[in-house]
Amino acid sequence: MVSTAPGIGSVHGILRLGNAFCQAQALLTAVELDLFTVLHGGPATEQEIIGRLGLHGRGLRDFLRLMVALGLLEEEEDGRYRAADGPDRYLVSGLPGYVGGALLGAKANLYPVWDGLTETLRSGRPRSAADGFAAMLDDPEQLRRYVRMMEGTLRPLIPLLAEAVDWSGYRSVLDVGGCRGGLAGQLVITHPGLAGHVFDLPQMEPLFREHMAELGTAGAVRFHAGDFFRAPLPRADVLILGHILHNWPHGQREELVRKAFRAVNPGGVLLVHDRMLDDEHPDIDNLLASLIMALVTEEGSEYTIGELTELAGAAGFASVNHRRLDDNETLVLCRKAGGRPPSRG
C-alpha cells in the first residue's frame, strides 16, 4: 500500500501535516461564529464583520486572510470579504445544502476525543465513556446537537438516495436509526406514493414529530420507537441501514442484516450505505472515519464491501451489488427474491 498523503517527502510537509489540525480548527471556528451566514447577504469589511459577530478584533485580520488562503473566503480590491462559492452554498445556516451541523458536531463531539488516539491504540478502549451515549439521549441540548451532526453528514446524500432505486416499484420505506426523519421525509416528498417509516430510540420521537411538522409530512411518515437489537423491525419494501452497521462488531452486524432480511418484503431491497473500506485502494477519509469509530464506540469500525456481501448472502438475499454513492460513500443494494421490479444499480 502506497501512502497518498501529500508533501511528506520534506520536513516542511511532515510538519505541515502534523499541524493540519490548526486549519481544521480555523474552519470549525468560522462555522461556529456563523461567518459564512453573515457574509451571505453581501461582502463586508473587517470592521463590519467585527460589529456583526460581536468580536474583539484581535487576530481577526490574520484569521480572515487565512480563510482567503484556504479558499474559503475571497478578498475584494476594496478590502471587503465575501464567501467563496462552496462555503456560500454549504455553510450558510438555513439553506437546504447546509452541512455546518456536521462540522459543529465534530467540533463538540469528535475533536476532543482525537487527543486520545494514542491511548486507544494502546488499550483498545474508546475515549468516549461507555454511558456517554445514554447520557446524551437524556440531555435535550446534546441530543439536538447530535441530531444536527447526523443530519449534516446525511444531507448531501439524500438526493442520491432518492435516485438509488426505482421507487415507483415500492410502496413503503423504513429508515432504521433515522433520527428525526430527514431522509424518510424527503423521500415521501419526492415520491408521493411512498409510505415512510422511521425506527429509532424513543427519545428521538419528539424531534421527529417537530421535523415532520416543518416538512409537512406528518401524515406520510410514521415513527416506530424501539431498540433494534431487542425489537423486531417493522416490515417494508425498502429498508435503509445508513451509517448504522459501522457502530458494531462483525457479530452484531450479522444480526442486524439478518433482522433486515426478515423485515424486507418479498421482492424488496435493503440499502446499506457507509464509508466502506477498500483494502486494494485505501481512502484516507474512510480510514479516518474508521478510527473515529474506534474512538467513540466499544467495538465499531468501518467494514469492507466483501464483508457485507457475505453477510447479506448468508442472511438470504438473492443478489448483492454495489456502487459509489459519492466520493467517500458506498451504497450496497441487497435484493430479496420476489415479484417486484428490481432496483436500479
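Look above for the structure.
Worth saying up front: this structure is predicted, and the values here are computed from it rather than measured.

About the criteria used
Along each chain, the written sequence defines residue order, and numbers are assigned to residues from 1. Owing to the predicted nature of the model, reporting of local features is limited to residues with pLDDT of at least 70; listing and counting of side-chain atom pairs is limited to 80 or more, with chain, interface and lining totals taken over all residues. As a rule here, side-chain values come from all non-hydrogen atoms in the structure, and water together with hydrogens is ignored. Numbering of helices and strands runs from the N terminus; a helix is a DSSP stretch of H or I covering at least four residues, while a strand is a stretch of E covering at least two. Radius of gyration: over C-alpha atoms. The globule rule applied is 2.2 Å multiplied by the number of residues raised to the 0.38 power. For the exposure calls, accessible area comes from a 1.4 Å probe over protein chains only, and a residue counts as buried if that area is under 20% of its type's maximum, exposed if over 50%, partly exposed in between. Residues are treated as being in contact if the distance between any of their heavy atoms lies within 4.5 Å. We count a salt bridge whenever a side-chain nitrogen from Lys or Arg sits within 4 Å of a carboxyl oxygen from Asp or Glu. Two strands pair if DSSP finds at least two bridges between them. Assignment of crossover handedness uses the view with strands pointing away from the viewer, where a clockwise path from the first strand over the helix to the second indicates a right-handed crossover. We call a set of buried residues a nonpolar core when its members are Ala, Val, Leu, Ile, Met, Phe, Trp, Tyr or Cys and they connect through side-chain atoms within 4.5 Å of each other. Axes, fitted as lines to C-alpha atoms, cover a helix only where it is in contact. Angles between the N-to-C directions of the axes lie from 0 to 180 degrees.

1. A look at the overall build of the protein chain
Thought 1: The helix and strand tally for the protein chain stands at 16 helices and 9 strands.
Thought 2: Computed over C-alpha atoms, the radius of gyration of the protein chain comes to 22 Å, within 12% of the 20 Å expected from 2.2 N^0.38 for 345 residues, which places it in the range of a compact globule.
Thought 3: For the protein chain, the spread of C-alpha atoms along the principal axes amounts to about 65 × 50 × 40 Å.
Thought 4: Within the protein chain, the fraction of its 345 residues that count as buried is 44%.
Thought 5: If you take every contact in the protein chain between residues at least 6 apart in sequence, the share linking residues at least 24 apart comes to 68%.

2. What to know about the pattern of salt bridges
Thought 1: Scanning the entire structure with this criterion turns up 13 salt bridges.
Thought 2: The residue Glu-298 makes a salt bridge to Arg-125 at a minimum N-O spacing of 2.3 Å. Within this pair, whereas Glu-298 is found in the loop between helix 15 (284-296) and helix 16 (305-315), its partner Arg-125 is found in the loop between helix 8 (117-123) and helix 9 (132-137), the two being separated by 173 residues in sequence.
Thought 3: With a relative accessible area of 37%, Glu-298 lands in the partly exposed category.
Thought 4: Two residues, Glu-214 and Arg-180, come together in a salt bridge whose shortest N-O distance is 3.9 Å. In this pair, Glu-214 is assigned in helix 13 (residues 205-215) and Arg-180 in the loop between strand 3 (172-176) and helix 12 (182-190), connecting sequence segments 34 residues apart.
Thought 5: By sharing partners, the salt bridges in this structure join Glu-76, Asp-78, Arg-80 and Arg-82 into a single network.

3. A short note on the pairing of strand 5 (residues 221-225)
Thought 1: Examined bridge by bridge, strand 4 (residues 195-200) and strand 5 share 5 bridges and lie parallel to one another. Following the sheet pairing, Phe-199 is matched in strand 5 by His-224.
Thought 2: The parallel pair strand 4 and strand 5 is bridged by helix 13, and the resulting crossover is right-handed.

4. A few points about the nonpolar core
Thought 1: Formed by 36 residues in total, the largest nonpolar core has its most connected members in Val-165, Trp-167, Leu-187, Met-204, Val-238 and Leu-271.
Thought 2: Take this core: its biggest share by element is 5 residues, from helix 10 (residues 140-154).
Thought 3: In this structure Leu-187 touches Leu-161, Ala-162, Trp-167, Val-173, Leu-194 and Ile-240, once residues within four positions along its chain are discounted.
Thought 4: Counting 28 residues, the second-largest nonpolar core is a separate cluster that includes Phe-199, Phe-229, Met-276 and Leu-308.

5. Focus: the sheet that holds strand 6 (residues 236-242)
Thought 1: The 7 strands lie next to each other as 5-4-3-6-7-9-8, forming an open sheet whose pairing is mixed. Only two strands of the sheet have a single neighbouring strand rather than two, namely strand 5 and strand 8 (319-324). On average, adjacent strands in this sheet sit at an angle of 20° to one another, irrespective of strand direction.
Thought 2: Here strand 3 pairs with strand 4 via 5 bridges, running parallel. Its bridge partner lying in strand 4, Leu-174 is registered against His-197.
Thought 3: Where helix 13 meets the sheet, it contacts strand 4 and strand 5, and its direction lies at approximately 175° from that of strand 5.
Thought 4: Packed on one face of the sheet, helix 16 meets strand 7 (264-274), strand 8 and strand 9 (330-335) and runs near 15° to strand 9.

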